[in-house]
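If you want the building blocks of each chain, they are given just below.
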Amino acid sequence: MIRRIVVMFVMAWVAVATNSAGANVVPPDVLARQTTEQTLQAIRAHRAEIKRDPSVIYDLVKKLVLPHFDFELMSRLVLAQHWRTAQPDQRQRFVDEFRQLLVRTYGRSLAEYSGQTVEFEPLRSEPSSKRATVRSNIKQADGPPIPLDYKLYKKGGDGWKVFDVITNHASLVQTYRSSFSAEIRHNGLDALIEQLVQRNTESTRSP
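Here the structure is a predicted model, which means the values were calculated and not measured.

Asker: An account of the overall build of the chain is requested, with residue identities and associated values reported.
Answerer: Helix and strand counts for the chain come out as nine helices and five strands. Relative to its full complement of 207 residues, the chain shows a buried share of 48%. Looking at the chain alone, contacts between residues at least 24 apart form 61% of all its contacts between residues at least 6 apart. By element, 48% of the accessible surface of the chain is carried by carbon and sulfur atoms, the whole surface being about 10,600 Å².

And the structure:
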């Protein structure tokens, strides 16, 4: 399930454009519409390079994705009550490895893009709201549209940040929370972190 959520998410919105500060912050729906095509064009433009060296895609993800996600907030939501009891160094290690996990997963998913298009629905949010849900649908040639909801919040002068994505009523954050919670209950947070370290190391060796 996690793999499917990430694959669909990356195909639709891997990155967003650079945000301006203050009153010039681009509304989340406009941001998504304008930058989705730019992102898909970037994928197509780098396809030959990625084919020659698959690791190139990780640099592309880091450049396009990382600045526009709040990985600390996502980590807090994923760990839930375990975040409150974690030590500061455990929190930082988890954030670092969770970020790396998503970079690697997104990178592998980018290679699966095969020409799908994206349609966005009108934004259902008050202009003064600090939170927004951007709804979209991925159009497939061989199947029904796949609905996607992007959860964002306005982080002061940093503009809008993504903290969750939902497809077919399945939340990326909640799915990871369920998966990680079982590991923590059985073996503890340190064991989960070490598991992520191992997965990220293996991904680095085999992009």
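Asker: Tell me about helix α5 (residues 71–79), and name the residues and values.
Answerer: Restricting attention to buried positions, one finds in α5 the residues F71, L73, M74, S75, V78 and L79. A positive phi of about 55° marks A80, the residue just after α5.

Asker: So what about the packing of α5 against helix α8 (residues 172–187)? Which residues, and what values?
Answerer: One way to put it is that α5 packs onto α8 with a least axis distance of 7 Å and a crossing angle of 55°. In terms of orientation, α5 and α8 fall into the oblique class. Seen along the crossing, α5 lies across α8 with a hand that is right-handed. Mapping the contact onto sequence places M74, L77, V78 and L79 in α5 and L172, V173, Y176, R177, F180 and I184 in α8. Here the residues of the contact of α5 with α8 are counted per class, giving nine nonpolar, no polar and one charged.

Asker: Quick one: what's the story with the packing of aromatic side chains, residue by residue and with numbers?
Answerer: This model, assessed by the stated rule, comprises seven aromatic pairs. Pairing Y153 with F163 gives two aromatic rings, centres 6.1 Å apart and planes at 65°, and the pair type is edge-to-face. Remark: F163 occurs in strand β4 (residues 160–167) and Y153 occurs in strand β3 (residues 143–154); sequence separation between them is ten residues. An identical accessibility class is assigned to Y153 and F163; each is buried. Between Y176 and F180, the aromatic rings sit 5.3 Å apart at their centres with planes inclined by 40°, giving tilted as the arrangement. You can see Y176 and its partner F180 sitting in helix α8, four residues apart, about one turn around the helix. Three or more aromatic residues joined by ring pairs make a cluster, and in this case those are F94, F98, Y176 and F180. Above the plane of the ring of Y58 lies R104, whose end atom (NZ or CZ) is 4.0 Å from the centre.

Reading the values: the criteria
Residues numbered from 1 in each chain as written. Predicted model: local features only at pLDDT ≥ 70, side-chain atom pairs only at ≥ 80, totals over all residues. Heavy atoms only, no water. Helix = DSSP H or I, 4+ residues; strand = E, 2+ residues; numbered from the N terminus. Buried < 20%, exposed > 50% of the residue type's maximum accessible area, 1.4 Å probe, protein only. Contact = heavy atoms within 4.5 Å. Areas by Shrake-Rupley, 256 points an atom, 1.4 Å probe, with all protein chains shown as cover. Axes fitted to C-alpha atoms, helices over the stretch in contact; angles between N-to-C directions. Parallel < 35°, antiparallel > 145°, perpendicular 65-115°, else oblique. Left-handed = near helix turned anticlockwise from the far one by under 90°. Nonpolar A, V, L, I, M, F, W, Y, C, P; charged D, E, K, R; others polar. Phe/Tyr/Trp six-rings, centres within 6.5 Å; stacked < 30°, edge-to-face > 60°. Lys NZ or Arg CZ within 6 Å of the ring centre and 35° of its normal.

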